[in-house]
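Listed below, chain by chain, are the residues.
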Amino acid sequence: MQTKDIVQLLGIEENKIKDYIRSNVFSPENPSVNGSRINYTDRDIEKLKCLMVLRSAGLTVKDLQEL
């Protein structure tokens, strides 16, 4: 799945996914190489869902980094 598909499926902003990647809270299984698109796996989707639940429970990105 491409980023636009993930945005639609999960209702998460593209910038939020990029923030998670930059802050090392989330790493896609098939990362971008030389500017190529990321192809998100089912496992990536589950990880992002988890992050969304944790964030809605009040955890900060810093809290997630410590986990």
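Preceding this section is the structure that the text describes.
Criteria and cut-off values
Residues numbered from 1 in each chain as written. Predicted model: local features only at pLDDT ≥ 70, side-chain atom pairs only at ≥ 80, totals over all residues. Heavy atoms only, no water. Core = buried A, V, L, I, M, F, W, Y, C linked by side-chain atoms within 4.5 Å. Buried < 20%, exposed > 50% of the residue type's maximum accessible area, 1.4 Å probe, protein only. Helix = DSSP H or I, 4+ residues; strand = E, 2+ residues; numbered from the N terminus. Contact = heavy atoms within 4.5 Å. Polar contact = N/O pair within 3.5 Å; in protein donor to acceptor, adjacent residues only side chain to side chain.

S.K.: What exactly am I supposed to notice about the nonpolar core here?
M.R.: What tends to happen in soluble globular proteins is that the nonpolar side chains get buried as a cluster. Grouped together as the largest cluster of nonpolar side chains are 13 residues, with contacts concentrated most on Ile-6, Ile-17, Tyr-20, Phe-26, Leu-48 and Leu-51. Looking at this core, the elements with two or more residues in it are helix H1 (3–10), helix H2 (14–22) and helix H3 (42–56). At 3 residues, H3 tops the list of elements feeding residues into this core. Not counting the four nearest positions on each side in its chain, Phe-26 is found in contact with Ile-17, Tyr-20, Ile-21, Tyr-40, Asp-44, Lys-47, Leu-48 and Leu-51.

S.K.: Teacher, can you tell me more about the side chain of Thr-41 here?
M.R.: Relative to the helices and strands, Thr-41 is located in the loop between H2 and H3. Separated by 3.4 Å, the side chains of Thr-41 and Glu-29 make a polar contact. The contacts of Thr-41, once residues within four sequence positions are left out, are Glu-29 and Asn-30.

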